[in-house]
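# Architecture at a glance
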Amino acid sequence: MKIFHTADWHLGKIVQGVYMTKDQEYILDQFVRDVTEERPDVVVIAGDLYDRGVPPTEAVHALDQCLAHIVLELNIPVVAISGNHDSPGRLRFGSQMMKDQGLHIVSEPSKQPDPVVLYDDAGAVHFHLIPYTEPGTVRHLFNDDMIRSHHDATEALVNSIKETMDESARHVMVGHLFVTPKGQEQDNTSDSERPLAIGGAEHVDASLFEVFDYTALGHLHQAHFVGQETIRYSGSPLKYSISEENHQKGYLVVDLDQDGTVSIEKRSLQPKHDMRTVEGYIDDLLKGEVNEDYVFVRLLDEEAVQFPMERIRSVFPNALHVERRLPQSSHHAEQEERVARHRMSDMELFQAFYQDVRGENPTEEEEAIMAEVFHDVLNHD
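Residues numbered from 1 in each chain as written. Predicted model: local features only at pLDDT ≥ 70, side-chain atom pairs only at ≥ 80, totals over all residues. Heavy atoms only, no water.

The name that an unreviewed UniProt entry assigns to the chain is Nuclease SbcCD subunit D, with the source organism given as Alkalibacillus salilacus. Here the chain is described in UniProt, under the heading Sequence similarities (unreviewed entry), as follows: "Belongs to the SbcD family." (UniProt positions renumbered as here; feature names shortened; annotations may be inferred.)

Before going further, it helps to spend a moment on the sheet that holds strand β14 (residues 228–233). Taken together, the six strands give an open sheet; going across it, the order is β7-β8-β9-β12-β14-β13, and neighbouring strands pair in mixed fashion. Edge positions in the open sheet fall to β7 (116–120) and β13 (224–226), since each of these has one partner strand only. The mean inter-strand angle of the sheet, taken between neighbouring strand axes irrespective of direction, is 30°. Taken together, the three bridges between β13 and β14 define a ladder with antiparallel strand orientation. Directly across from F225, in β14, lies its bridge partner R232. (Pairing = 2+ DSSP bridges. Helix = DSSP H or I, 4+ residues; strand = E, 2+ residues; numbered from the N terminus. Axes fitted to C-alpha atoms, helices over the stretch in contact; angles between N-to-C directions.)

Excluding glycine, a negative phi dihedral is what most residues carry, and trans is how most peptide bonds are arranged. Notably, D48 is not glycine yet its phi reads approximately 55°, a positive angle. Locating D48 in the fold gives a position in the loop between β4 (42–46) and α2 (57–73). Exposure remark for D48: the relative accessible area of 1% places this residue in the buried category. With phi around 55°, N75 is a residue other than glycine that occupies positive phi space. Mapped onto the elements, N75 comes out in the loop between α2 and β5 (78–81). Of the residues examined, N75 reaches a relative accessible area of 61% and is grouped as exposed. (Buried < 20%, exposed > 50% of the residue type's maximum accessible area, 1.4 Å probe, protein only.)

Here we take up the side chain of K249. Along the chain, the position of K249 falls in the loop between β14 and β15 (250–256). Engagement of the side chain of K249 in a polar contact is seen with the backbone oxygen of H221, the distance being 2.7 Å. Within polar-contact distance, the side chain of K249 engages the side chain of S236 at 2.8 Å. (Polar contact = N/O pair within 3.5 Å; in protein donor to acceptor, adjacent residues only side chain to side chain.)

Counting residues in each nonpolar core, the largest one holds 36 residues, and the members touching the most others are W9, F31, V35, V43, I45, I70 and V78. The set of elements that each furnish at least two residues to this core consists of α1 (21–38), β4, α2, β5, β6 (103–106), β15 and β18 (294–299). Among the elements that take part in this core, α2 stands out by supplying six residues, more than any other. Residue contacts for V43: discarding those within four places in its chain leaves F4, T6, F31, V35, I70, I76, P77, V78 and V79. Core analysis: the second largest hydrophobic core is formed by 26 residues, V158, L196, L208 and I231 among them. (Core = buried A, V, L, I, M, F, W, Y, C linked by side-chain atoms within 4.5 Å. Contact = heavy atoms within 4.5 Å.)

We now examine the packing of aromatic side chains. Each aromatic ring pair is described using two quantities: the centre-to-centre distance and the angle formed by the ring planes. Here the structure, examined in full by the defined rule, presents four aromatic pairs. Relative to F31, the ring of F4 has its centre 6.1 Å away and its plane inclined at 55°; by these criteria the two rings are tilted. Here F31 lies in helix α1 and F4 lies in strand β1 (residues 2–6), a separation of 27 residues in the sequence. For F4, a relative accessible area of 0% puts it in the buried group. Look at F31 and you get buried, because its relative accessible area is 2%. With centroids separated by 5.0 Å and ring planes inclined at 40°, the aromatic side chains of F4 and Y251 adopt a geometry described as tilted. Here F4, found in strand β1, pairs with Y251, found in strand β15; they are 247 residues apart in sequence, far enough to count as distant. (Phe/Tyr/Trp six-rings, centres within 6.5 Å; stacked < 30°, edge-to-face > 60°.)

The next thing to look at is the pairing of β1. The element β1 is largely enclosed, with a buried count of four among its five residues. Here four bridges tie β1 to β15, and the two strands are oriented antiparallel to one another. Looking across to β15, one finds that H5 is bridged to L252.

A few words now on helix α5 (residues 135–142). Among the residues making up α5, those that are buried are P135, G136, V138, R139 and F142. Projected down its long axis, α5 carries its buried residues within an arc of 160°, all on one side. In this structure, the buried residues of α5 make contact with α6 (150–163). N143 occupies a position one or two residues after α5 and carries a positive phi of about 50°. (Arc of directions from axis to C-beta.)

Spatially, the six strands line up as an open sheet ordered β6-β5-β4-β1-β15-β16, and their pairing is mixed. For this open sheet the edge positions go to β6 and β16 (262–268), each flanked by a neighbour on one side alone. Sheet twist, expressed as the mean angle between neighbouring strand axes with direction ignored, is 20°. On top of the sheet, α1 reaches β1, β4, β15 and β16; it is set at about 175° to β1, its chief contact. Against the sheet, α2 makes contact with β4, β5 and β6, and its axis sits at roughly 140° relative to β5, the strand it touches most.

Encoded structure:
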């Protein structure tokens, strides 16, 4: 079975005040052309179809057009889940009616989930869908007070799936999670990835998914495997932050053999406008040819530059940000300050923030209020 694995479309995304809708439509057109040419058996979208719970009309239209072409015109089934940016209720609307057409969207967990079963010449492939879910929801679902973290919640859901797994079939898991090799805390792959929880509570141990022939993941924007080749993030199809400028964007083509053996190929998608850093002196940059990439400009000039954005946009009309490169001593001091703040407690960070904004220390009453807030957040459902 040939599977196209994609995720994190974030339709309706705004970067530095710029709507990315046209760029997203451009990249989806490429994706649909590839689907049309190669005719995979199924397209898997592992969450974050939209960038926010109430997406703009243009984003809804783009998704509707894309899915209608794949499902209704090409008769290729689509299997999708909601991510942490999506509104489960909005994605769920009409899902029962759309199943018969080949569009399978799951936005809420189930204690005894039924897989989406698709067939090829070798038999059945069961797709097990775990949408993004807060641990508190799963704790209530299973009536288990021991479920506190995303790992606990995922373990409960996977164990429920394992109870009824058909050993004669092949199995694919689709999830929107922060998976690491041993469940250890790791940094995000992009600044545009919203944290799923505070501290290490968001991380899930990859060993939970060893029972599946392939695990299609969403949430992290850089394509990579976790622990073993068959547990994969497809990454986002577009760059949504300058922290992603070195990512190779695209999707994954997964071939699942009759015995469950998997072969994986990365396919690239070419953006309408690249997102990259440009560095140089203002006079040199202004001599270049006009370029419409989304650029973050770092000026090397030591003296002040008048109206830098207006001048840069004469050459880079889609420039998103202009800054001056800090002297080495200032850069080093800034790094030391970041490290120092990284080691602060939540209350110390609040005190430092308050001091920066108000120029004075918070009162005991204000600190007590924040202590209650931290307690509620850290122990939220």
